[in-house]
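Structural features, examined
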Amino acid sequence: MIIGFLLLVAFCFWEIYGTDYPIFPSRLKQEPRILALTLLITFISGSNFFSVIMFWPTQAFNVYGHDPVGVGVRGLPIGLGILAGACIVLWLLSVFRGYNRELMIVSSVMMTAGKRSILLISLITMIDGSRLS
Amino acid sequence: MGHSRLGSTWYRRDRCPCLYHNNYHLPRCKALIPYLFSRYALTSSHRNTNHFKPPQDLIATVAALTLSIRVIGGAVGYTVYYNVFVSKFEENAKTLIGGTMLQLGIQDKLLIGKAIHLTSAALLDQLPTIPGIGNNETALEMVTVAGRVAYAESYKYVYYVSIAFGGVCTIAACFLGNINQYMDDHVAVVVH
C-alpha cells in the first residue's frame, strides 16, 4: 500500500512535468472547487460502495444463516437500491435543474443513514445473540 | 438574454428552467411552480456569465476519471475496513468462541483454534469433527451462535468507521457549487 501511495504521488508529478499529453489535462480544472469536491465525494462513496459489496454478502452468510435462498434474498436490497437510486437521482437532476448540491446532500445523508441502519441491525443481532438460531 | 457574439450556442439562456420547454415559457410555468422560478429570477442575472467554454472533448476522460477515483476509493476504503474487521474479529473470536468451548469443557488450544478457523472460513458443517463437540446438538448450536455473535460484534466497528466517512462526505456535499449553467441540452458529440 505504501508503494501504491508513492506511485500515485509519482504519477501526479509525471502528469505535471513529464508528458505532453497528460491523462488528466489541466483544462478540466476550470471549476476547481466543484471538481475537487465531486472527486472527494466519489472517492468516499467508492469506499463505502466497495465495502458494502464485499462485507454484506459475508455478513448475510455468516451472521444470518447459511440457507442459500435466504442469503440471496438478503442481497437483493443492495442491488435494487443501487439501481433505483441511480435512476431516480439522475431523473431528479434533470427535473430540479441547479439543485445538484441538495441532491448530493440528500444522497450522502441516505448513504450514511443506510450505514447506520445496517449498524443497528448488527447491534440488535448482537444483543439477541441467543435467538439467532 | 446572454446571447454570445462568438457564435456558439453555449451561452443561450432563453429557455425555461423546467424540464419540458425549450422556448422561453417563463410566465406560464411561473404560475405553476413559483418556488422554482423565484430562484431563477434571483440568479438569472449572474447565471449568464460563462467566461470560459468547458472542454467538450474531455467527456470520456471525466467519466473514466470518476470511475477510477471510485475504484481507488474502494481499494483504500476496503483495506481500512477489512483491517478494522479482522483485528476486532480476532479478539471477539477468542473471547466468544473460546469462552463457549471452555464452558463446554474443551481446554485444548488446538481444538479451540480449529473451531475458530472453521468459523472464519464459514465451514460450519465441519464443526462436528471436533472431538469435544461431536454430535452433541446443544454444543454445536452454542458454538455456532457464538461464532455468529463474534461476527456481528466485529462488523459493528466496520460500520462505525464508514459512518465517519459518510459524515465527511455529507459535509463536503454542502459546499458544492451550482452547475445549472452547464445543463442546457447541448449535444457535444452525436453518436450514431
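Everything below is about the structure printed above this text.
Source: prediction; values computed, not measured. (Residues numbered from 1 in each chain as written. Chains lettered and ligands numbered in written order. Predicted model: local features only at pLDDT ≥ 70, side-chain atom pairs only at ≥ 80, totals over all residues. Heavy atoms only, no water.)

What follows is about the overall build of chain B. When helices and strands are counted, chain B shows five helices and zero strands. Its helices and strands taken in sequence order, chain B reads α-α-α-α-α from the N to the C terminus. For chain B, the residues scored as buried account for 39% of the 192 residues in total. Considering only contacts within chain B whose residues lie at least 6 apart along the sequence, 55% involve residues at least 24 apart. Just so you have it, chain B exposes about 11000 Å², and 61% of that area is on carbon and sulfur atoms. (Helix = DSSP H or I, 4+ residues; strand = E, 2+ residues; numbered from the N terminus. Buried < 20%, exposed > 50% of the residue type's maximum accessible area, 1.4 Å probe, protein only. Contact = heavy atoms within 4.5 Å. Areas by Shrake-Rupley, 256 points an atom, 1.4 Å probe, with all protein chains shown as cover.)

A separate point is the nonpolar core. Most often, soluble globular proteins keep nonpolar side chains buried together rather than apart. Judged by nonpolar contacts, the single largest core of 32 residues is most densely connected at B:Ile97, B:Met101 and B:Ile130. Looking at this core, the elements that each hand over two or more residues are helix H2 (32-64) and helix H4 (100-127) of chain A together with helix H3 (59-104), helix H4 (109-120) and helix H5 (137-173) of chain B. If one sorts the elements of this core by residue count, H5(B) sits on top with ten residues. Filtering out sequence-adjacent residues up to four positions away, B:Ile97 remains in contact with B:Asn92, B:Ala115, B:Ile116, B:Thr119, B:Val143, B:Ala146 and B:Gly147. Counting residues in each nonpolar core, the second largest holds eight residues, with A:Leu37, B:Ala172, B:Ala173 and B:Leu176 among its members. (Core = buried A, V, L, I, M, F, W, Y, C linked by side-chain atoms within 4.5 Å.)

A few words on unusual backbone geometry. The backbone of B:Ala122 shows a phi angle near 60°, a positive value even though the residue is not glycine. Among the secondary structure elements, B:Ala122 is positioned in the loop between H4 and H5.

Residue and element names in this part refer to chain B. Its 46 residues place the ends of H3 64 Å apart at the C-alpha level, agreeing with the 68 Å of an ideal helix rising 1.5 Å per residue. Of all bends in H3, the biggest is about 30°, found at Ala93. A positive backbone phi angle near 100° is found at Gly105, which sits one or two residues after H3. (Expected span 1.5 Å × (residues − 1). Bend = angle between axes of the 7 residues up to and from the residue.)

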